[in-house]
Every structure is written in structure tokens, then in C-alpha cells.
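So the chains spell out like this:
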Amino acid sequence: MGSTFFNKLLLIAGFASLAHAAFSAAHHRTYLRLTEQEWNSLPLDLILQTVISLVVVVYNIIEVVGHFKEIRATVDMQQKTWDTLGNFPSFYSFNHRGRALNPGYTPPEKVQ
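Cut-offs used in this document
- Residues numbered from 1 in each chain as written.
- Predicted model: local features only at pLDDT ≥ 70, side-chain atom pairs only at ≥ 80, totals over all residues.
- Heavy atoms only, no water.
- UniProt positions renumbered as here; feature names shortened; annotations may be inferred.
- Helix = DSSP H or I, 4+ residues; strand = E, 2+ residues; numbered from the N terminus.
- Rg over C-alpha atoms; globule rule 2.2 N^0.38 Å.
- Buried < 20%, exposed > 50% of the residue type's maximum accessible area, 1.4 Å probe, protein only.
- Contact = heavy atoms within 4.5 Å.
- Areas by Shrake-Rupley, 256 points an atom, 1.4 Å probe, with all protein chains shown as cover.
- pLDDT = per-residue confidence, 0-100.
- Phe/Tyr/Trp six-rings, centres within 6.5 Å; stacked < 30°, edge-to-face > 60°.
- Lys NZ or Arg CZ within 6 Å of the ring centre and 35° of its normal.
- Expected span 1.5 Å × (residues − 1).
- Arc of directions from axis to C-beta.

Going by what an unreviewed UniProt entry lists, the protein chain is known as Membrane magnesium transporter and is assigned to Drosophila madeirensis. In its Sequence similarities (unreviewed entry) section, UniProt records this for the protein chain: "Belongs to the membrane magnesium transporter (TC 1.A.67) family."

Undergrad: Help me understand the overall build of the protein chain in this model?
TA: A tally of helices and strands in the protein chain yields four helices and zero strands. Written out in order from the N terminus, the α and β elements of the protein chain read α-α-α-α. The C-alpha radius of gyration computed for the protein chain amounts to 30 Å, which surpasses the reference 13 Å derived for 112 residues by more than 25%, pointing to a less compact arrangement than a globule. For the C-alpha atoms alone, the extent of the protein chain along its principal axes is close to 90 × 45 × 20 Å. By the burial criterion, 11% of the 112 residues in the protein chain qualify as buried. Sequence separation of 24 or more characterises 59% of the internal contacts of the protein chain that already satisfy a separation of 6 or more. Accessible surface, the protein chain as shown: approximately 10,400 Å² in total, 64% of it carbon and sulfur.

Undergrad: What exactly am I supposed to notice about the confidence of the model for the protein chain here?
TA: In low-pLDDT segments, the atomic positions of the prediction should not be examined closely. Counting all residues, the mean pLDDT for the protein chain is 84, and 91% of those residues have values of 70 or more. Within the protein chain, no element has a lower average pLDDT than helix α3 (residues 73-77), which sits at 69, and none a higher one than helix α2 (residues 44-65), at 94.

Undergrad: Looking at this structure, how should I read the UniProt feature "transmembrane region" (unreviewed entry) in the protein chain?
TA: Here the UniProt feature "transmembrane region" (unreviewed entry) sits at residues 42-62. As a span, residues 42-62 carries 90% helix and 0% strand, and end to end its C-alpha atoms are 29 Å apart.

Undergrad: Sorry, what's going on with the environment of S24 here?
TA: Relative to the elements of secondary structure, S24 occurs in helix α1 (residues 2-34). Taking the C-alpha atoms as reference, S24 lies 19 Å from V56; in sequence the two are 32 residues apart.

Undergrad: So what exactly am I meant to see when it comes to the environment of L46 here?
TA: Inspection of the secondary structure assignment puts L46 in helix α2. The class of L46 is buried, set by a relative accessible area of 8%. Ignoring any residue separated from it by four or fewer positions in sequence, one finds L46 in contact with A21, S24, A25 and H28.

Undergrad: What's the story with the packing of aromatic side chains in this structure? I'm lost.
TA: The relative placement of two aromatic rings is captured by the distance of their centres and the angle of their planes. Applying the stated criterion to the full structure yields zero aromatic pairs. The positively charged end of R29 is found above the aromatic ring belonging to W39, 5.2 Å away from the centroid.

Undergrad: Explain the side chain of H28 to me, please; I cannot follow it from the model alone.
TA: If you trace the backbone, H28 turns up in helix α1. By relative accessible area, which is 19% here, H28 ends up buried. If we skip the residues at most four places from it in the chain, H28 touches W39, S41, L42, P43 and L46.

Undergrad: I would appreciate a short explanation of α2 in the present structure.
TA: Along an α-helix, residues three or four apart share an orientation, since each turn contains 3.6 residues. For α2, built from 22 residues, the straight-helix expectation of 32 Å at 1.5 Å per residue is met to within 8% by its first-to-last C-alpha distance of 32 Å. Listing the buried residues of α2 in full gives L46, S53, V57 and N60. Taken around the axis of α2, the buried residues stretch over an arc of 80 degrees, which confines them to a single face. Those residues of α2 that are exposed and aimed more than 90 degrees away from the buried face are L44, I52 and V55.

In C-alpha cells form, the structure reads like this:
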């Protein structure tokens, strides 16, 4: 519980720092307009604050969200046997267009 609380705290601080960087960038742009200076780029401290805040936010979101399922298909396939490997019941279709495409189609007789 302690580490997740710490990660949540860092996540909130990262979002606050990111919002502060955005506000500072807008404030810097307004300052340049008022003093009639040419805008070249943002100051280095704002760029660093934005990048560091973004890294902190991304890392802590990953830590707070929890465990991810692995992307490798072999992890899920290890549980299956060879008999059930090609069996996909969701693709079964018993109500198809076979009768409409072949006018001579007769359904098989039911065995009783």
C-alpha cells in the first residue's frame, strides 16, 4: 500500500507540474507579446520541466494501473492442448447463405 500511495502522490505532482509548465509557457508568450519581442522558442527550464513532468506522469500511471497482460501469444497458447488449438466456437455459423447461392441445395436429412 505504501508504494502505490507514493506513486499516486507522484502522479498528482507530475500532473500539477505539467499544468504549471503549460501555464508558464502561456505566460511567457503573453510576456513576449507585451514587450514586443520576437518569439523564438520556449526557455530551456520550461522545456525541461515539461519533459521531466511527462516522464514522471507516464511512469507513475504505469505503476498505478497495475499488472498488464503479456503481449506474447505463447503465454496464452501454453495452456491449450493440440486438440483445442484450432477450435474457435465463435466462428461457427449454422445460418449462412448456402441455400441462396446454390438453387439445387438440399439440406441433409436428419438421422433418427
